[in-house]
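So the chains spell out like this:
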Amino acid sequence: MAVQDGDMVVKARGLNHWFGEGEARKQALFDINLSLPRGSLTVLMGPSGSGKTTLLTLLGCLRTVQDGSVLLAGTELFDASEAKLTKLRQRLGFIFQSHNLHESLTALQNVMMGVQVHNGVPDDLAKRAGARALDLVGLSDRLHYLPGNLSGGQKQRVAVARALVGNPEMVLADEPTAALDKDSAADVVDLLKRLGAARNTTTLLVTHDNRILDRADSILTLEDGRIVSVSGG
Amino acid sequence: MRRLLQWIFGRIPIGWLQLTHKRGRFMAALAGVAFANVLVFVQLGIMNSMSTATLRPYEFFRADIMISASDANAMTEGGNVARQWMLQAFADPDITDGLGLFVGKAAWDRGERDITFTTFGIDPGRPEFLAPIITSEIGLLQVHDVAVVDRLARGLSPEEAAAIRPHTPLSFETQGRTLTALGTFAGGGGFGGDGYMLVSDQTFLSLFATRSSSAPDHILLHVRPGVDVADVVQRLRGLISDTTVRIRSYADAAQEELRYQQTQRPTGVIFGFGVLIGVLVGLVIVYQVLSADVADHMREYATFKAMGYGPQFFFGIVVEEALVLGILGFVPGLAFGTAILTFMAKVTTLPLAMTSSMAVMVFLGTVVFSIVSGAIATRRLTAADPADLF
């Protein structure tokens, strides 16, 4: 069945991006065109320096779109103000390679931060949502643990819960399995796929990890700032 | 504290959790803030004591107007004035009474350490010019070479002072004469002398042979009840022939001396700078703590930025931390400040004490300056770029 335009969470057309100006200008992305359907899990691959991270940060509203068009959930990102980008980021979930949990907050409090970014969410509601998200990632018995007392896999699962707890339009994950063993890596990706599908959340996952490619709905490969292949998972 | 902060900020008290996560550093930060508080308390205490000590001799007398020499910036400084100006003042229908007040310094030679008394010479037949704390003793001064001494004078032990009574007098040598102390009053040591002594004007003139009865240091005047003192002062300035003398209401004279002591005298300026330096030290300490904390958590802040938290959220965290440091640092600061001032008061006999107004002022100042430090520290947060997390 053909995917309709309205089912696309991200639609990029003619996207170019560069760093520096004048002679120091270095183009990182060239004429990127892509669409990410709602609820899909897309893996973004490519060698170092191919532009994966730049593309991720542009789609994640962490950089300003300089040239071309990016529609995120129907909102144009080209020339968007910092305030608008900040607001849009509240509709996204992020998972980082090194989990980036706040060391002085418990697992539950870290996850609650993913809910409380939406102003006016009462504390008890955030607490319930956080506990439920941690339950979904299998950490209901670690709610009040500080990150320092969790294993690498557990930390990354907390990060997954934090990214998903606010029901985001899209989750952007940067090498989420790089520091994990094979079983933990498979667990984390399975969680992302299962929870994403259940909540109709789109996932864009940057990775070099071939162990998880079979979980992807589609695989995009970037080389020298250009998409060189698009394939099904 | 945690619940209170959660209630105030309506979110997880991240600032509190961050600070208390590393307890050693938290304690060191609180000690720093407490130290700055102690510094300010001590300087303020000294400055307040100077005000109290400056105004203290004015509390011994009851007058509406004071006439002094042009260079008399303080009650115990400056030249004398001619008694005839008092007679001229009587020409004003609203002046009801007048008294010449003599002031000098007399050292009681006690061997190891002298006691320097700021000595006031007055007419003992005019109790209406004296405050109640002295009035009961003034009758004793009718006898020549009799003194009433300050029982709080620096160097005079409480036991020794308590023993001074009309039936157990204390004789001592000063200015080459033998005086007999028959009574005491509560004065207190100041910055210019160890304490105060009252004698009759006749005894004063015997002690200070170069002084003349026709030239007291100040002239104290009473006006008719209900009359506007400022109007009378204005009229006296036109009435008295010597236009160089200072004619002021008694209250204004006290306030002018206070201003002079605080802003013109080196000690006042030094104490003022002491308070300023205490405030700056506190500001720097709180800024350093907050700034280091922001730098330590830059990655977490960048993560929160990526998640969509805006500048107000980060400012809130730093303000929260500033409040915690300001409030919790104040408590030990107050305790140590009180202990130090009490100790200093005992050693120096200066009127050093912790007052509620000082405590409130320093508390509010600490909170405000902590927030200012926090606001400055948040500028470092602009360096937290979430794109760098990838």
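Notes on the structure follow. (Residues numbered from 1 in each chain as written. Chains lettered and ligands numbered in written order. Predicted model: local features only at pLDDT ≥ 70, side-chain atom pairs only at ≥ 80, totals over all residues. Heavy atoms only, no water.)

### Brief notes about the packing of helix α3 (residues 23-55) of chain B against helix α9 (residues 250-263) of chain B
Residues and elements named next belong to chain B.
Reasoning step 1: Two elements in contact, α3 and α9, have axes separated by 10 Å at closest approach and are oriented at 140°. Taken together, the axis directions place α3 and α9 in an arrangement best described as oblique. Crossing of α3 against α9: the hand is right-handed. Residues M50, S51, T54 and L55 of α3 form the contact with α9, whose own contacting residues are A254, Q255, E257, L258, Q261 and Q262.
Reasoning step 2: In terms of residue class, the contact of α3 with α9 is made up of four nonpolar, five polar and one charged. (Axes fitted to C-alpha atoms, helices over the stretch in contact; angles between N-to-C directions. Helix = DSSP H or I, 4+ residues; strand = E, 2+ residues; numbered from the N terminus. Parallel < 35°, antiparallel > 145°, perpendicular 65-115°, else oblique. Left-handed = near helix turned anticlockwise from the far one by under 90°. Contact = heavy atoms within 4.5 Å. Nonpolar A, V, L, I, M, F, W, Y, C, P; charged D, E, K, R; others polar.)

### Some words on the packing of aromatic side chains
Reasoning step 1: Applying the stated criterion across every chain, the model contains 21 aromatic pairs over all chains.
Reasoning step 2: An angle of 10° between the planes, with centres 6.2 Å apart, marks the rings of F94 of chain A and F96 of chain A as stacked. Assigned by exposure class, F94 of chain A and F96 of chain A land together as buried.
Reasoning step 3: For the pair F304 of chain B and Y309 of chain B, a centre-to-centre distance of 5.6 Å together with 75° between the ring planes defines the contact as edge-to-face.
Reasoning step 4: Judged by its relative accessible area of 2%, F304 of chain B falls in the buried class.
Reasoning step 5: Ring pairing ties together the aromatic residues F60, F61, F120, F185 and Y196 of chain B, which thus form one cluster.
Reasoning step 6: Taking NZ or CZ as reference, R25 of chain A lies 3.9 Å from the ring centre of W18 of chain A, over its face. (Phe/Tyr/Trp six-rings, centres within 6.5 Å; stacked < 30°, edge-to-face > 60°. Buried < 20%, exposed > 50% of the residue type's maximum accessible area, 1.4 Å probe, protein only. Lys NZ or Arg CZ within 6 Å of the ring centre and 35° of its normal.)

### Focus on helix α1 (residues 52-59) of chain A
Because each turn of an α-helix spans 3.6 residues, side chains separated by three or four positions in sequence point in the same direction.
All names here are of chain A.
Reasoning step 1: Within α1, seven of the eight residues are buried, which leaves it mostly tucked inside the rest of the structure.
Reasoning step 2: For α1, every residue scored as buried is listed here: K52, T54, L55, L56, T57, L58 and L59.
Reasoning step 3: Within two residues after α1, C61 carries a phi angle of roughly 60°, on the positive side.

### Re the sheet that holds strand β1 (residues 8-19) of chain A
Residue and element names in this part refer to chain A.
Reasoning step 1: Taken in spatial order, the four strands line up as β2-β1-β4-β5 in an open sheet, and their pairing is antiparallel. With one partner strand each, in any of the chains shown, β2 (26-37) and β5 (75-76) form the two edges of the open sheet.
Reasoning step 2: α1 contacts β1, β2 and β4 (67-72) of the sheet and is inclined by roughly 55° relative to β2. (Pairing = 2+ DSSP bridges.)

### A look at unusual backbone geometry
Reasoning step 1: Its identity as a non-glycine residue notwithstanding, E175 of chain A has a phi of 45°, on the positive side.
Reasoning step 2: Mapped onto the elements of the fold, E175 of chain A is located in the loop between β7 (170-174) and α6 (182-199).
Reasoning step 3: Of note in the backbone geometry, D145 of chain B takes a positive phi value of approximately 60° without being a glycine.
Reasoning step 4: Of note, D145 of chain B is situated in the loop between α5 (132-135) and β4 (146-150).

### Considerations on the sheet that holds strand β10 (residues 226-232) of chain A
Whenever strands of a sheet pair, they do so through backbone hydrogen bonds, lying parallel or antiparallel.
All names here are of chain A.
Reasoning step 1: The strand order β6-β7-β8-β3-β9-β10 describes an open sheet built from six strands, whose pairing is mixed. The open sheet has two edge strands with one neighbour each: β6 (92-95) and β10. When the angles between neighbouring strand axes are averaged without regard to direction, this sheet yields 20°.
Reasoning step 2: Note that strand β3 (residues 41-45) and strand β8 (residues 202-206) share four bridges and pair parallel. Bridge pairing in β8 places L44 opposite V206.
Reasoning step 3: The sheet strands contacting α1 are β3, β6, β7, β8 and β9 (218-223), and the helix crosses β7 at an angle near 150°.
Reasoning step 4: Most of the contacts of helix α5 (residues 152-164) go to β6, to which it runs at about 170°, and overall it touches β6 and β7.

### Description of the side chain of T203 of chain B
Reasoning step 1: Residue placement: T203 of chain B occurs in helix α7 (residues 201-207).
Reasoning step 2: Setting aside its immediate chain neighbours within four residues, T203 of chain B contacts V143, H144, D145, V146 and L179 of chain B.

### Observations concerning the nonpolar core
Reasoning step 1: In this structure, L134 of chain A together with F304 of chain B are the most contacted members of the largest nonpolar core, which totals 106 residues.
Reasoning step 2: By residue number, the principal contributor to this core is helix α12 (residues 311-348) of chain B, which donates seven residues.
Reasoning step 3: When sequence neighbours within four positions are dropped, the list of residues in contact with F304 of chain B reads H102, L105 and M113 of chain A together with I14, Y309, F313 and F314 of chain B.
Reasoning step 4: One finds L99, L141, L182 and L198 of chain B within the second-largest nonpolar core, a separate group that totals 27 residues. (Core = buried A, V, L, I, M, F, W, Y, C linked by side-chain atoms within 4.5 Å.)

### Overview of the pairing of β9 of chain A
Residue and element names in this part refer to chain A.
Reasoning step 1: In terms of residue burial, β9 counts as a mostly covered element, since five of its six residues are buried.
Reasoning step 2: Strand direction decides the pairing type here: β3 and β9, joined by four bridges, are parallel. In the sheet register, L44 faces β9, and the bridge partner there is L220.
Reasoning step 3: As paired elements, β9 and β10 share six bridges and run antiparallel to each other. Counterpart to S218 in the pairing with β10 is G232.
Reasoning step 4: Counted along the chain from β9 to the antiparallel partner β10, the turn is two residues long, and its residue D224 has a positive phi close to 50°.

### Quick notes on helix α11 (residues 298-307) of chain B
Residues and elements named next belong to chain B.
Reasoning step 1: For α11, the buried fraction is high: nine of the 10 residues fall into the buried class.
Reasoning step 2: Within α11, burial applies to M298, E300, Y301, A302, T303, F304, K305, A306 and M307.
Reasoning step 3: Where α11 terminates, the next one or two residues include G308, which has phi positive at roughly 110°.

### A closer look at the pairing of strand β2 (residues 95-108) of chain B
Residues and elements named next belong to chain B.
Reasoning step 1: Of all the 14 residues making up β2, 11 are buried; the element is thus mostly covered by neighbouring parts of the structure.
Reasoning step 2: Direction of pairing for β2 relative to strand β8 (residues 218-223): antiparallel, over a ladder of six bridges. Bridge pairing in β8 places L99 opposite L220.
Reasoning step 3: In this sheet, strand β3 (residues 115-122) lies alongside β2 in antiparallel orientation, the contact comprising seven bridges. The residue bridging V103 from the neighbouring strand is F120, located in β3.
Reasoning step 4: What sits between β2 and β3 in their antiparallel hairpin is a turn of six residues, with G111 showing a positive phi close to 80°.

### Some words on the packing of helix α10 (residues 266-296) of chain B against α12 of chain B
Relative placement of two packed helices is described by the angle separating their axes and the distance separating the axes.
Residues and elements named next belong to chain B.
Reasoning step 1: Close contact between α10 and α12 brings their axes to 10 Å; oriented N to C, the two are set at 140°. The orientation of α10 with respect to α12, classified from their angle, is oblique. The chirality of how α10 crosses α12 is right-handed. On the side of α10, the interface is formed by V289, L290, D293 and V294, while α12 contributes V318, E321, A322 and L325.
Reasoning step 2: Classifying every residue of the contact of α10 with α12 by side-chain character gives six nonpolar, no polar and two charged.

Geometric values such as these leave the question of function open.
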